[in-house]
Amino acid sequence: MKDSKRVAIIGIVFVVLIVLLIGMVKIFKDSTKGKTADSMLKHINVTEQQPTKASISLDDNTLFDELPDISKYPQVVTGKGDIVIEIMTSPEKAGENYESWLIDVAEKFNKGGFTTEDGQTIGLSIRPVTSGLAADYIISNKHTPQLFTPSNYLWGEYINANGGDVTVLNDRLVGNTAGLLIDKSSAYKTYDEIIAAVKEGKINLGYTNPQTSSTGMNLLLTILKNGDADMFSDKAVESFTTFQQNIPFVAYNTMQMRDSAKKGTLDGMILEYQTYINESNVNSMYNFIPFGVRHDNPLYVVNDKYLSEDELEACKIINEFCMETENQTIATNYGFNGNNDYKSDLQFTGAEVNRALEIYKANKDNGQDIIAVFIADCSGSMNGDPILQLKQSLSNGMQYINENNYVGLVSYSDDVTIEVPIAKFDLDQKSYFQGGINRLSAGGSTASYDAVIVAMDMIEKAKKDHPNAKTMIFLLSDGQQNMGYSLDTITPALKDSKIPVYTISYTAEADTDAMKKLSEVNEAATINADSEDIVYKIKSLFNSQM
């Protein structure tokens, strides 16, 4: 036999043996399904690095510094004309299916040949952006549309109180309400009964982050207002903190809250009526109790003193078109303009909104210890821009992690490395954490769920010293797991641990379905973002959870 053939045969045999070995390891690991995290840990190769310090930035940056280019939130309708007016809108008015009202209206308008009195043609563009994020763009002047329609007027007050400039053109574009959803079998039927039951730990309620969500902000302000005549008194703040300490789940956004509602895993939650009425698998399980200020989608002119007379005239023409009976009928068919009998006497100023958000930030963990492990995907598929953005977002996001938290860092590819053991996130630990970030580099396969098991074990050991601590894991990855334990294998142990796993994807090719399933095990957020907006999104997540 020729040497070349012998080498080829040996190579083939070697490849077959490797494939068989990998298959046997997978079969063995999957045979541990239903076992504890401790038993699975024995079959994971774990290395513990000697932590090294690195310098950290003490600059007090804001979320405005990390706002992505507005192109990351593209227009869904692009108008053409001598004058083009953009409406930046909350997504429930410019999405798909029953959330497409403004898209329909804009497309009709652009076919209508509208002009100003002096003959200037008018085009209408629509850009959907969540209300809180849109407010950040307007306040920072990083993007200022001519018109802005958030879900409720609280964001207009917030913008004007923080250096922005918006003026009400229409205080009700389409009607809507925020509501508490409560399981239809529940004995609690009113807003007061539900909030009292949460405070007493009798029911599990989820709500959305008030720093980004209109409904979440509305609930925060309503609880404070109902807590005492002075909504910022010690009594009112105590009312909110008692409520907060019994909340198992704060959703990153309304879409995540809606998905939780569909699964029926919580006793109650918050949602807008327009979403509730359109989702049969939600309204069949939950009753809707309106609360707080109405969500009547006001329409604001942005920076009106910088607009021309023709632009201001065009804004008024667009507003009048939106209010025409035919267009309001479309809105009603999509679930808007319901609950018109619900009235609210609550009124809040921008200063009150700001102070309420400060109270939320100071009390979101109620002084409770938080133990968190960050898991960094360092596999080959993260090479290049994804790993650089992962490192940048961790470094920049550190300032949003409170010092009373206990934090560790894990990395993985084929095997798992404990880069920084869990410790209180003081200045020393921050320095070690940055040192661990600096060491991260990409290469190898992707054993994502092995890393989750290691993080779970680290947290369980840390909990011995902090038994009442709130726990969480943050997995930063492209989600393309290809070796080690499977999600099905680790799910029973993860569910038993009750540790939520927040997943953040870094590439357009990310296996977002797998990451979403991992987060859904214990009700956590999944963030899908590309390299240009992930830094902002992860800072927002840390700001709300840590």
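Now for a description of the structure that goes with this document.

Moving on to the overall build of the protein. Looking only at helices and strands, the protein has 20 helices and 17 strands in total. Out of the 546 residues belonging to the protein, those deemed buried represent 56%. For the protein, long-range pairs separated by at least 24 residues make up 79% of all intrachain contacts whose partners lie at least 6 apart in sequence. When the accessible surface of the protein is split by element, carbon and sulfur atoms take 49% of a total near 22800 Å².

It is worth spelling out the packing of aromatic side chains at this point. Per the counting criterion, the structure on display carries 17 aromatic pairs. Ring centres of Phe425 and Phe433 lie 5.5 Å apart, and the angle between their planes is 85°; on these two criteria the pair is classed as edge-to-face. Judged by relative accessible area, which is 0%, Phe425 ranks as buried. Site record: aromatic cluster; members linked through ring pairs are Phe374, Phe425, Phe433, Phe474 and Tyr502.

Attention now moves to the pairing of strand E15 (residues 470-477). Within E15, 7 of the 8 residues are buried, which leaves the element mostly enclosed by the surrounding structure. After leaving E15, the chain enters helix H18 (residues 487-497) and then returns to the sheet as strand E16 (residues 501-505), a path that is right-handed.

In this section: the nonpolar core. With 55 residues, the main nonpolar core has Phe148, Leu180, Tyr207, Leu219, Phe240 and Phe243 as its most contacted residues. Residue contacts for Phe148: discarding those within four places in its chain leaves Met88, Ser131, Ala134, Ile138, Trp155, Ile159, Pro298, Leu299, Tyr300 and Val302. By size, the runner-up hydrophobic cluster in this structure holds 35 residues, among which are Ala455, Tyr485, Val501 and Ala514.

What follows covers helix H13 (residues 325-333). Each turn of an α-helix holds 3.6 residues, which means side chains three or four residues apart point in the same direction. Turning to H13, its buried residues number three or more, namely Asn327, Gln328 and Ala331. The buried residues of H13 occupy an angular sector of 100° when projected down its axis, which confines them to one face. Along H13, the residues that are exposed and aim more than 90 degrees away from the buried face are Thr325, Glu326 and Asn333. Looking at the buried side of H13, the elements it contacts are helix H3 (101-111) and helix H12 (309-322). Phi turns positive one or two residues past the end of H13, at Gly335, with a value near 105°.

With that settled, consider the packing of helix H6 (residues 191-199) against helix H8 (residues 234-244). Taken N-terminus to C-terminus, the directions of H6 and H8 make an angle of 70°; their axes are 7 Å apart at the nearest point. Between H6 and H8, the angle is such that the two are roughly perpendicular. For H6 against H8, the interelement crossing comes out left-handed. Facing H6, whose interface residues are Ile195, Val198 and Lys199, H8 presents Ser239, Thr242 and Phe243. Across the contact of H6 with H8, the residue classes break down as 3 nonpolar, 2 polar and 1 charged.

The next point concerns helix H15 (residues 385-397). Over its 13 residues, H15 extends 18 Å from the first C-alpha to the last, a length consistent with the 18 Å expected when each residue adds 1.5 Å. Within H15, burial applies to Pro386, Ile387, Gln389, Leu390, Ser393, Leu394 and Gly397. The buried side chains of H15 occupy one side of the element, clustering within an arc of 165° when seen end-on.

Summarising burial for strand E2 (residues 83-89): 6 of the 7 residues are buried, a large majority. With 7 bridges connecting them, E2 and strand E3 (residues 122-128) associate as parallel partners. What sits directly across from Met88, in E3, is Arg127. Tracing the backbone out of E2, into H3 and back to the parallel element E3 gives a crossover that is right-handed. Where E2 and strand E4 (residues 147-149) come together, 3 bridges link them in parallel fashion. Note on E4: the bridge partner recorded for Met88 is Phe148.

Conventions adopted
Residue positions within a chain follow its written sequence, with the count starting from 1. Only residues with pLDDT of 70 or above have their local features reported here, since the model is predicted, and side-chain atom pairs are shown and tallied only from 80 upward, although totals for entire chains, interfaces and linings are computed over all residues. Values reported for side chains reflect all heavy atoms of the structure, with hydrogen atoms and water molecules removed beforehand. We count a stretch as a helix when DSSP gives it H or I for four or more residues in a row; a strand needs E for two or more, and each element gets its number in order from the N terminus. Each residue is assigned to one of three classes by its accessible area relative to the maximum for its type, calculated with a 1.4 Å probe on protein chains only: buried under 20%, partly exposed between the two thresholds, exposed over 50%. Contacts: residue pairs with any heavy atoms within 4.5 Å of one another. Note that accessible areas follow from Shrake-Rupley with a 1.4 Å probe, and for residues the cover is restricted to the protein chains shown. The rule is short: rings of Phe, Tyr and Trp, with Trp giving its six-membered ring, pair when the centres are within 6.5 Å, and they are stacked under 30 degrees, edge-to-face over 60, tilted in between. By convention, orient the strands away from the viewer: a clockwise path from the first strand over the helix to the second makes the crossover right-handed. By convention a nonpolar core is built from buried Ala, Val, Leu, Ile, Met, Phe, Trp, Tyr and Cys residues, the set being connected through side-chain atoms within 4.5 Å. Here the arc refers to the set of directions running from the helix axis out to each C-beta atom. Between N-to-C directions, angles span 0 to 180 degrees; the directions come from axes that are lines fitted to C-alpha atoms, helices contributing only their stretch in contact. Roughly parallel covers angles under 35 degrees, roughly antiparallel covers those over 145, roughly perpendicular covers 65 to 115, and oblique covers all other angles. By definition, turning the near helix anticlockwise from the far helix through less than a right angle yields a left-handed crossing, and turning it clockwise yields a right-handed one. In the scheme used here, Gly and all other residues not listed as nonpolar or charged are polar, with Ala, Val, Leu, Ile, Met, Phe, Trp, Tyr, Cys and Pro taken as nonpolar and Asp, Glu, Lys and Arg as charged. Here the expected span of a helix is defined as 1.5 Å times the quantity of residues minus one. For two strands to pair, DSSP has to find at least two bridges joining them.

Read these as spatial facts, not as claims about activity.
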